Number of protein chains: 2
Amino acid sequence: MINQIGKAAKTAAFELLLATTLQKNRALSTIADGLLQYRDIILAANQIDIQFAQQNGLSDAIIDRLRLTDERLKAIANDVRKVITLKDPIGEIIDGSILESGLKIQRKRVPIGVIGVIYEARPNVTIDIATLCLKTGNSAILRGGKETINTNKVMIEIIQQALLQADLPIKAIQSINDPNRQYITQLLKLDQYVDMIIPRGGAALHQLCREQSTIPVITGGIGICHIFMDDTADLDKALPIIINAKTQRPSTCNTLETLLIHQNIAKEFLPRLHQVMTEKGVKLHVDKEAFSILQSAGFTAIELVTDEQLRQEWLSNDLNIVIVDSLMAAVKHIREYGSGHSESILTRSLANAEQFVAKVDAAAVYVNASTRFTDGAQFGLGAEVAVSTQKLHARGPMGLEALTTYKWIGYGDDLIRE
Amino acid sequence: MINQIGKAAKTAAFELLLATTLQKNRALSTIADGLLQYRDIILAANQIDIQFAQQNGLSDAIIDRLRLTDERLKAIANDVRKVITLKDPIGEIIDGSILESGLKIQRKRVPIGVIGVIYEARPNVTIDIATLCLKTGNSAILRGGKETINTNKVMIEIIQQALLQADLPIKAIQSINDPNRQYITQLLKLDQYVDMIIPRGGAALHQLCREQSTIPVITGGIGICHIFMDDTADLDKALPIIINAKTQRPSTCNTLETLLIHQNIAKEFLPRLHQVMTEKGVKLHVDKEAFSILQSAGFTAIELVTDEQLRQEWLSNDLNIVIVDSLMAAVKHIREYGSGHSESILTRSLANAEQFVAKVDAAAVYVNASTRFTDGAQFGLGAEVAVSTQKLHARGPMGLEALTTYKWIGYGDDLIRE
């Protein structure tokens, strides 16, 4: 089965090489219309998924993520319309020249081919990925979570209907609807047909893909993000940034997990931080030095952080605190514990800012800004396929360009190599 | 052992983040000098490798590839000096803007980190890869073939000495000298420290890397390249291109392996081709249609091509011939049998040229030119790490830029996300 899906996706990808922007946008527009036109069918299918989820005792948080409403459907349709307005990157001449030999050469941006996406509960991801792949002329094989299988089936039908109407190959977007996990493993070995795998899920899924896949995998989405306050940081200005980074949306990967504080300001800052964070409902997990400072200041309900806690994403109202004695100690902590996602320094020192930026190796490095900015929309990419924390092909928020590759084209006048 | 090498490489990579172009070029210059200064030691070590190879009955071709001479050493040293003249891509601001939020953002080109390279006999690859990694501020872990182990040891010493003199970390370039193949498998799993694997070798090595590696792998170097002559092709002009593509250096990956001929010109062209190719010592392997044309024309010593032969690299004076009835049939043949390396059309038709370029999905696609142009030096990249036939990160000849990634840097004025 998976082999047939792969073969059909590849065939469709070849046809998509000739698709015009107009055709692709027409299909996108039909998808946006379809989401509203067929809202009753979508919501009914979604209701079945929710009932299954409730019967299987899934958490309210997960059920909320898979639930569609009128409002959410409208938002998804609007996101599709937004993709229509984005510039089509396909066909762009990246660079070109006439070589010494006389060969006229250019690098032209082309679709990657077939993209496999493995993701979890949220049904909006189905539309999201399908539209971004379609806009860039790629075929996609989608493997959503079994929790949204009924919703996904309807959405894929709407997408394929739109492809048909735009005279595009309907197999350009396919989904694997069988919940059996063996199909994930099979998909990861389908290197004959699939050019790139994007896992969207937790650390376990990423590890599975890295270990099993014979296809290039874009890993990412795991954010063990730090803010370092050096000894020149403005304490008043620091607080809102820390609050924003930790509490605006704690479940996202660009959320602050560990605050590194220079020892020279720790005594003054920690009690203030503790008070504000307690008000915000954030629990602190502190290292020994911070513990004794807070204890001396009369705080009692404090918890020591473990090494394990420093290596994980909280994704909740919990914040680790570590005291460091220098910028280099902060950099070393980040190198040891960070996931290469987003790191920030709060400082008034130009030298420290530049050193931090140069020495910290992460997808996004900030000076006096919240880590929450690491996001395709915030970065002006218009959309986001994933956030990569690996270094090949794409790093950080991946927009449309990350779904393309290039082809060298050489025009000769009956030219041979000397 | 391998873990220590990985850890040291990563630590060195962090130090290299701060290396200046001057420092890196100084190290390169010392390496070039060292290759000539220590020529006696290098050639003596190389002599030991050659003796082992002869004792082990390796072929003359392999022994020739691993043999160093005065002249070859000079050529290698010159290649190093050429890398000095190339522009250092590190630090380039790829793009940047002020976002709606006020965040001043830029994408800066940075080193990838640690690069693992697995290669075979040729000792010049050791210097080649080491200098390109060094120029781009990357650490490298080199695993050369066991045939050149003594030569490589001396070369690595020269490199590390040069690093020391330039005040750069000597562990930036390390090699795995133990010939045990288990170290290759271990290297492929070292994702904690290594960011990219480049295999330089045959199809089996690439497959091993794809299957075993938990680190992104750049596959490539396998070239099942085609030239398609459509029915408008100029037969006189076609011959020199085909001769160049097949015979200039048959052992390279950009060599022509299969010629696709439109049926309308086959009867006229095949006898001429047969005669010229026989003169050049090239043996033809032809499909049934070509067979009967040649037979009717009185040729006797003709061989039928097998499906298996169409799926392999000859890398020798052998050429497959397939007759097709249309451009689309040629495209389909290339999609089925090609390795995504280099494909060329010989035509006088603008429409056919554009269709071929659009429909053929390969790293390099040519119009009226030899496939032999697919090469870092020919493409003006100054150097070549490998030729990628996969689509992520880099495609086709990989120069210095392919050894870099980027980092998003955001400067805020105490900025939080709304």
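All chains use their own residue numbering, which begins from 1 and follows the written sequence. Each chain gets a letter, beginning with A, and each ligand a number, beginning with 1, in the order they are written. Only residues with pLDDT of 70 or above have their local features reported here, since the model is predicted, and side-chain atom pairs are shown and tallied only from 80 upward, although totals for entire chains, interfaces and linings are computed over all residues. Heavy atoms from the whole structure form the basis of all side-chain values; hydrogens and water molecules are not counted.

1. Let's talk about the overall build of chain A
Strands are runs of DSSP state E lasting at least two residues, helices are runs of H or I lasting at least four, and both sets are numbered from the N terminus onward. When its secondary structure is counted, chain A shows 15 helices and 16 strands. The reference for a compact globule is 2.2 Å times residues^0.38; the radius of gyration itself is calculated from the C-alpha atoms. In terms of overall dimensions, chain A is globule-like: its C-alpha atoms have a radius of gyration of 24 Å, near the 22 Å expected for 418 residues. Counting only C-alpha atoms, chain A reaches 75 × 70 × 35 Å along its principal axes. For chain A, the share of sequence-separated contacts (at least 6 apart) that also reach a separation of at least 24 residues comes to 72%. Pairs of residues are marked as contacts when any of their non-hydrogen atoms sit within 4.5 Å.

2. Examining helix α9 (residues 203-212) of chain A
Side chains three or four residues apart in an α-helix point the same way, a direct result of the helix having 3.6 residues per turn. Residue and element names in this part refer to chain A. Exposure classes here rest on a 1.4 Å probe applied to the protein chains alone. A residue is buried below 20% of its type maximum, exposed above 50%, and partly exposed in between. All of the buried residues along α9 are L205, H206 and C209. For α9, the angular spread of buried residues about the axis comes to 100°, placing them on one side. Buried residues in α9 make contact with β3 (114-119), α8 (182-188) and β6 (196-200). The arc in question is traced by the directions running from the helix axis to the C-beta atoms.

3. A short note on the interface of chain B and chain A
As a measure of interface size, the accessible area lost when the parts come together is often cited. Each partner contributes to the interface: chain B provides 74 residues, whereas chain A provides 74 residues. A 1.4 Å probe defines the accessible area here, and the buried area is the portion of it lost by two parts on being joined, summed over both. Overall, the association of chain B and chain A removes approximately 6300 Å² of surface from exposure, summing both partners, and the carbon and sulfur fraction of that is 55%. Its largest share of buried area at the contact with chain A, chain B owes to B:L392, B:W408 and B:R417, together 14% of the area lost on that side. Among the salt bridges present, the one from B:K391 reaches A:D195, with a minimum N-O distance of 3.5 Å. Think of a polar contact as two N or O atoms within 3.5 Å of one another; within protein, one of them needs to be a possible hydrogen donor and the other a possible acceptor, and neighboring residues in sequence only count if both atoms come from side chains. Counting across the interface, chain B meets chain A through 41 residue pairs in polar contact (both at pLDDT 80 or more). Elements that contribute at least two residues to the side of chain B that touches chain A include exactly α1 (2-16), β2 (104-111), α9 (203-212), α10 (235-247), α15 (350-359), β13 (364-369), β15 (396-398) and β16 (404-415) of chain B. Counting residues per element, the side of chain B that touches chain A draws most heavily on β16(B), which supplies eleven residues. Strand pairing follows a simple DSSP-based rule, namely that at least 2 bridges must link the two strands. In terms of strand pairing, strand β16 (residues 404-415) of chain A meets β13(B) through five bridges, oriented parallel. Bridge assignment links A:L415 to a residue of β13(B), and that residue is B:A369. Salt bridges, as used here, are contacts in which a Lys or Arg side-chain nitrogen is within 4 Å of a carboxyl oxygen on Asp or Glu.

4. Quick look at helix α1 (residues 2-16) of chain A
In this model α1(A) runs 21 Å from its N-terminal to its C-terminal C-alpha over 15 residues, within 8% of the 21 Å that 1.5 Å per residue would give. Those residues of α1(A) that fall on the buried side of the exposure criterion are A:I2, A:I5, A:G6, A:A9, A:K10, A:A12, A:A13, A:F14 and A:L16. Elements in contact with the buried residues of α1(A): β3, β4 (139-143), β5 (173-175) and α8 of chain A together with α14 (327-337) of chain B. Under the convention used throughout, the expected extent of a helix is 1.5 Å for every residue step, that is, one less than its residue count.

5. Brief notes about the relation of the copies chain B and chain A
Superposition of chain B onto chain A requires a rotation of 180° combined with a translation of 0.0 Å along the rotation axis, giving an RMSD of 0.0 Å. Within this description, the copies of the chain are treated as partners about a two-fold rotation axis. Among all C-alpha atoms of chain B, that of B:H393 lies closest to the rotation axis, at 1.8 Å. By residue overlap, the copies meet face to face through one surface: 100% of the interface positions of chain B are interface positions in chain A. The least-squares superposition of copies is restricted to C-alpha atoms, and to residues with a pLDDT of at least 70 in both copies.

6. Focus: the side chain of B:H206
All names here are of chain B. If you trace the backbone, H206 turns up in helix α9. Looking at H206, the relative accessible area reads 4%, which means it is buried. Once residues lying within four places of it in the same chain are set aside, the contact partners of H206 are P199, G201, I218, T219, G220 and I222.

7. Notes on the sheet that holds strand β11 (residues 318-324) of chain B
Across the sheet, which stays open at both edges, the ten strands sit in the order β1(A)-β2(A)-β16(A)-β13(B)-β12(B)-β7(B)-β8(B)-β11(B)-β9(B)-β10(B) with mixed pairing between neighbours. Looking at the sheet topology across the chains shown, the edges are occupied by β1 (93-98) of chain A together with β10 (303-304) of chain B. The sheet contact formed by strand β2 (residues 104-111) of chain A and β16(A) spans eight bridges and is antiparallel. Bridge pairing in β16(A) links A:K104 to A:Y411. Between the N-to-C directions of two axes lies an angle of 0 to 180 degrees, each axis being a line fitted to C-alpha atoms and, for a helix, fitted only over the stretch in contact. α10(B) contacts β16 of chain A together with β7 (225-229), β8 (256-262), β11, β12 (342-346) and β13 of chain B of the sheet and is inclined by roughly 175° relative to β7(B).

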